[in-house]
Amino acid sequence: MTAELYGRPIDEALARLGSLGQAVSVQSATVTDGPDAGARRIRLDNGVLAVEVLPDRGLDIAQVRAAGIPLAWISGAGFPPLSTGDADGRGWMRAFGGGLLTTCGLLTYGPPGEDGGEQHPMHGRYSSLRASITRTEATAQEVVVEGVVRETTVFGPDLELRRRIVLPVGEPRLRVEDVVVNRGSRPVEPMVLYHLNLGWPLVDEGTVVRSPATAVVPRDAQAKAGVESWQTFPALADEYPEQVFTHGLPADRSVAVEVAAPSGLAVRIAFDTAQLPGLIQWRVAEPGHYVLGIEPATAPTILGRADARARGLLRPLAPGEERMLGVEVAVTLP
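The shown structure was predicted, so the numbers you read here are calculated from the model rather than taken from an experiment.

> Account for the overall build of the protein, naming residues and giving values.
Assigned secondary structure in the protein consists of 4 helices and 23 strands. Relative to the globule expectation of 20 Å for 334 residues, the C-alpha radius of gyration of the protein, 20 Å, shows essentially globular dimensions. Expressed along its principal axes, the backbone C-alpha trace of the protein runs to roughly 60 × 45 × 45 Å. For the protein, the residues scored as buried account for 51% of the 334 residues in total. Put simply, of all contacts in the protein between residues at least 6 apart along the chain, 61% involve residues at least 24 apart. Accessible surface, the protein as shown: approximately 14400 Å² in total, 51% of it carbon and sulfur.

> Pulling in residues and values, what's your account of the pattern of salt bridges?
Side chains carrying opposite charge are able to pair once their charged atoms draw close together. In the structure shown here, the tally under the stated rule is 28 salt bridges. With its nearest N and O atoms 3.0 Å apart, the salt bridge here joins D60 to R163. Taken as a pair, D60 in strand β6 (residues 60-66) and R163 in strand β13 (residues 158-168) lie far apart in primary sequence, 103 residues in all. The residues D60 and R163 share a single accessibility class, namely buried.

> Go over the nonpolar core, please, and point to the residues and values.
Core analysis: the biggest nonpolar cluster contains 69 residues, and L44, V51, I61, L100, L174, F271 and I294 have the highest contact counts within it. Not counting residues within four places of it along the chain, the set of residues in contact with I61 comprises V51, E52, L54, G98, G99, L100, L101, I165, L174 and V176. The next biggest cluster of nonpolar side chains, apart from the first, holds 21 residues, and it includes C104, V291, I302 and L313.

> I'd love a proper account of the environment of G47, names of residues and values included.
Along the chain, G47 turns up in the loop between β4 (40-45) and β5 (49-54). Given the relative accessible area of 15%, G47 is considered buried. With 43 residues separating them along the chain, G47 and E4 place their C-alpha atoms 9.4 Å apart. Aside from chain neighbours lying at most four places away, what touches G47 is L5, Y6, A23 and V24.

> Just give me the short version of the sheet that holds strand β16 (residues 208-210), but keep the residues and values in it.
Judged by pairing direction, the sheet is antiparallel, and its 8 strands sit side by side in the order β11-β12-β13-β14-β23-β20-β19-β16 without closing on themselves. Bordering the open sheet on either side are β11 (132-138) and β16, each of which pairs with just one other strand. In this sheet, adjacent strand axes meet at a mean angle of 15 degrees when their direction is disregarded. Pairing analysis gives 6 bridges linking β11 to strand β12 (residues 142-152), with the strands arranged antiparallel. The residue of β12 that forms the bridge with A138 is V143.

> Please provide a residue-by-residue account of the pairing of β5, values included.
Where β4 lies against β5, 4 bridges are found, and the strand directions are antiparallel. Within the sheet, the bridge partner assigned to D45 lies in β5 and is A50. What sits between β4 and β5 in their antiparallel hairpin is a turn of 3 residues, with G47 showing a positive phi close to 95 degrees. Where β5 meets β6, 5 bridges bridge the pair, whose relative direction is antiparallel. For L49, the partnering residue across the bridge sits in β6 and is A66.

Each value, and the rule that gives it
- Residues numbered from 1 in each chain as written.
- Predicted model: local features only at pLDDT ≥ 70, side-chain atom pairs only at ≥ 80, totals over all residues.
- Heavy atoms only, no water.
- Helix = DSSP H or I, 4+ residues; strand = E, 2+ residues; numbered from the N terminus.
- Rg over C-alpha atoms; globule rule 2.2 N^0.38 Å.
- Buried < 20%, exposed > 50% of the residue type's maximum accessible area, 1.4 Å probe, protein only.
- Contact = heavy atoms within 4.5 Å.
- Areas by Shrake-Rupley, 256 points an atom, 1.4 Å probe, with all protein chains shown as cover.
- Salt bridge = Lys/Arg side-chain N within 4 Å of Asp/Glu carboxyl O.
- Core = buried A, V, L, I, M, F, W, Y, C linked by side-chain atoms within 4.5 Å.
- Pairing = 2+ DSSP bridges.
- Axes fitted to C-alpha atoms, helices over the stretch in contact; angles between N-to-C directions.

Here is the structure:
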């Protein structure tokens, strides 16, 4: 299918523009007020999607609008700086802004815990890391931002994540392409989870989740109470404790999860189970926390690094070795 821009084939649209920036753009800015004052922002627009990227949160993604419709859930915490120290392991929750993508890792995700004598905070330290931007560009084919994020410690693991976020011009989709590199002198076992957070109006009573899961397992008693209805998002309630489900996936396949609202608005999240064999579903249906999380991961657990090690789910990365990861998000407009 030929890509279009505002109803015209791309080449015809270009002939009608005074400059490319009339229709598509990439712009860098700095926040000047509020809890994340001083933080960098990069805004991408491909003529269909408007995407806000967070360089000071590892090139994660805040809000995404498709033809003006917001897709992501944004928490009241916003996106303030997150300390790498985090004394009690739960500082991540105090600065969890949601957004379309919050990356968890690069050494753990799940609850805070200990592995091999090292303390790991909730969902790892990735959200506290600042990216070095290597490229921002808008062309007639794509709008792109690229950067490097490094998680390292003296005498310890040294991991680098090279991220590329791509928006094809005129198409309601984006790709996050990551390469994890072991820059250290010893093997390291990375853990990465893509915490994709969807909100209203996509997430509403009756929104359906279509998953390639071969089995769906509740994390705890709260989740067990809703496991029979994991496919259908519930109505807003005064109290609706979070529910977390682990989806068993077929091995070594390209798969997709579709989230479809009654209105016809839908999002399709695609990934490869050879890279990301785990899938976690998270949902809450309370005022202020009306959110659905779809979370592809490098291991099928949400219980932390020690659990992944005990179950033999950690994959070592040799010094100098690279591992490709990534997800694609495509939108269907009503």
